[in-house]
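Breakdown of the fold
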Amino acid sequence: MSEGEGTARRGRLTRDRIVAAAARIVGREGSAALSMRKVADELGSAPMSIYRHVRDKDELLVLVLDRIVAELPRPDLPDAPRERLLTLLAWEHDELAKRPWIAGVLAGGDLMAPAIVWLLEEIYAAWRACGLTLAQAAAANRIVWGFLLSDLLRRADAPPGRAPYQDAVPATADPAVHPNLAALAGYWTAPGRRDHFAADLPSLVDALIATPPAAV
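Presented here is an overview of the structure given in this document. One numbering rule holds for all chains: residues counted from 1, following each sequence as written. Thresholds applied to this predicted model are a pLDDT of at least 70 for local features of residues and 80 or more for the giving and counting of side-chain atom pairs; totals over whole chains, interfaces and linings are not thresholded and use all residues. Just so you know, side-chain values use all the structure's heavy atoms and leave hydrogens and water out.

By definition, any uninterrupted DSSP run of H or I lasting at least four residues is a helix, any uninterrupted run of E lasting at least two residues is a strand, and each is numbered from the N terminus. Helix and strand content of the chain: 13 helices and 0 strands. When the helices and strands of the chain are listed from N to C terminus, the series reads α-α-α-α-α-α-α-α-α-α-α-α-α. Against the compact-globule benchmark of 17 Å for 216 residues, the chain has a radius of gyration of 22 Å, which places it well outside the compact range. If one aligns the C-alpha atoms of the chain with their principal axes, the spans along those axes are about 75 × 45 × 30 Å. Relative accessible area decides the class of each residue, using a 1.4 Å probe on protein chains only: under 20% of the type maximum gives buried, over 50% gives exposed, and in between gives partly exposed. In the chain, buried positions account for 36% of the 216 residues. Any two residues whose heavy atoms approach within 4.5 Å at even a single point are treated as in contact. Look at the contacts in the chain between residues 6 or more apart in sequence, and 68% of them connect residues 24 or more apart. Of the roughly 12,100 Å² that the chain leaves accessible, carbon and sulfur atoms contribute 56%. Both definitions apply: the radius of gyration is a C-alpha atom measure, and the globule rule equals 2.2 Å times residues to the power 0.38. All accessible areas in this document rest on Shrake-Rupley with a 1.4 Å probe, and a residue is counted as covered only by the protein chains that are shown.

Here we come to helix α8 (residues 117-129). Residues three or four positions apart in an α-helix share a direction because the helix packs 3.6 residues into each turn. Over its 13 residues, α8 runs 18 Å from end to end, which matches the ideal 18 Å to within 8%, given 1.5 Å per residue. Buried within α8 are the following residues: W118, L119, I123, A126 and W127. For α8, the buried positions fall inside an angular range of 170° around the axis, keeping them on one side. Looking at the packing, one finds that the buried side of α8 touches α5 (57-71), α6 (81-97), α9 (134-156) and α13 (197-210). Of the residues one or two after α8, G131 is the one with positive phi, at around 110°. The span expected for a helix works out to 1.5 Å for each residue beyond the first. For this quantity, the arc is that covered by the directions from the helix axis to the C-beta atoms.

To continue, consider the layout of surface pockets. We place a 1 Å grid over just the protein atoms. Points where a 1.4 Å probe fits but has no way out form a cavity, open points with protein on both sides within 12 Å along at least 5 of 7 lines form a pocket, and any residue with an atom within 4 Å of a point lines it. Grid points are joined across faces, edges and corners, and a volume is the space filled by probe spheres set on the points. The space that makes up the largest pocket amounts to roughly 540 Å³. Contributing to the lining of the largest pocket are 28 residues, with E92, L106, M112, I116 and W145 lying nearest its centre. Within the residue set of the lining of the largest pocket, elements represented by two or more residues are α5, α6, α7 (100-107), α8 and α9. The biggest single contributor to the lining of the largest pocket is α9, with 6 residues. Only Asp, Glu, Lys and Arg are considered charged in this grouping, and only Ala, Val, Leu, Ile, Met, Phe, Trp, Tyr, Cys and Pro are considered nonpolar; every other residue, Gly among them, is considered polar. Grouping the amino acids of the lining of the largest pocket by side-chain chemistry returns 21 nonpolar, 2 polar and 5 charged.

This part covers the environment of E95. Tracing the chain through its elements places E95 in helix α6. For E95, a relative accessible area of 12% puts it in the buried group. Each C-alpha atom, one on E95 and one on V69, is 9.2 Å from the other, the two residues being 26 residues apart in sequence. The term polar contact refers here to a pair of N or O atoms within 3.5 Å; inside protein, the definition further demands a hydrogen-donor-capable atom paired with an acceptor-capable atom, and it admits residues adjacent in sequence only when both atoms are side-chain atoms. Separated by 3.3 Å, the side chains of E95 and K98 make a polar contact.

Secondary-structure assignment places D41 in helix α3 (residues 36-43). Considering only alpha carbons, one finds D41 and R74, 33 residues apart in sequence, at a separation of 34 Å.

What follows is about the packing of aromatic side chains. Pairing of aromatic side chains here covers Phe, Tyr and the six-membered ring of Trp, requires ring centres within 6.5 Å, and sorts the geometry by plane angle: under 30 degrees stacked, over 60 edge-to-face, intermediate tilted. All told, the structure shown has 2 aromatic pairs when counted by the stated rule. With a centroid separation of 5.1 Å and 15° between ring planes, the pair formed by F147 and F197 is classed as stacked. Placement of the pair is F147 in helix α9 and F197 in helix α13, with a sequence separation of 50 residues. F197 gets classed as buried once you look at its relative accessible area, which sits at 4%.

This part is about the packing of α8 against α9. Fitting a line to C-alpha atoms yields each axis, with helices limited to the stretch in contact; the angle taken between N-to-C directions then spans 0 to 180 degrees. Look at α8 against α9: their axes get within 9 Å of each other, and the N-to-C directions meet at 115°. Handedness of the α8/α9 crossing: right-handed. The residues of α9 that touch α8, namely those facing I123, Y124, W127 and R128, are L134, A137, A138, A140, N141 and V144. In the contact of α8 with α9, the residues fall into 8 nonpolar, 1 polar and 1 charged. Handedness of a helix crossing follows the sense of rotation of the near helix relative to the far helix, less than a right angle counterclockwise being left-handed and clockwise being right-handed.

Moving on, we get to the pattern of salt bridges. A carboxyl oxygen of Asp or Glu within 4 Å of a side-chain nitrogen of Lys or Arg is what we treat as a salt bridge. Taken as a whole and assessed by the stated rule, the structure comprises 13 salt bridges. With a shortest N-O distance of 3.5 Å, E29 and R28 are connected by a salt bridge. On the basis of relative accessibility, which here comes to 40%, the residue E29 falls in the partly exposed class. Linking K98 and E95 is a salt bridge whose minimum nitrogen-to-oxygen distance equals 3.3 Å. The class of K98 is exposed, set by a relative accessible area of 57%. Overlapping salt bridges bring together R24, R28, E29, K38 and E42 as one network.

Note that all results are geometric; they support no functional claim without further evidence.
As structure tokens, then:
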């Protein structure tokens, strides 16, 4: 490539193209595969050219997350506070479940897309409309987020082609030694046993509304 051709290619390199390339990479291979070099290879550029537009991998991940969230259609929200809260939480879970790599990023507890603040505001407002104080709403949402994230991480890490050991081990418990586990053998092996989020979420939300957690 001549110097003029190289300059022309660098001139076409923009933050928007970099974010789009990073989104393609994490969509195919997950966030762990993302690197400035891989983005540069995706764009036919040099890694140092990427750093002219993005500070580091964390900033790039935030930009990717922000683009994804900004492009999502927002859910239609019912008027009743409890149903509005459940709709928001289910929407959050389902959109994240479509993009398993995001759960691993969010589990680190550091990165967040600025475009998601509307959702947080709506969720906290819904908790308050259900009768919780703002401090109780923060505690309740922390509990629900842990429940939601654990389900997403479990889905993302589900072993292909075999039953999870967490099902198989208790399902084969000796009834003479572990009668309760053995009596639940059908529960451990039931088809779809792990697809419980939609059914469990209302129970958890109702419990937190009925007995708000201590504010911390």
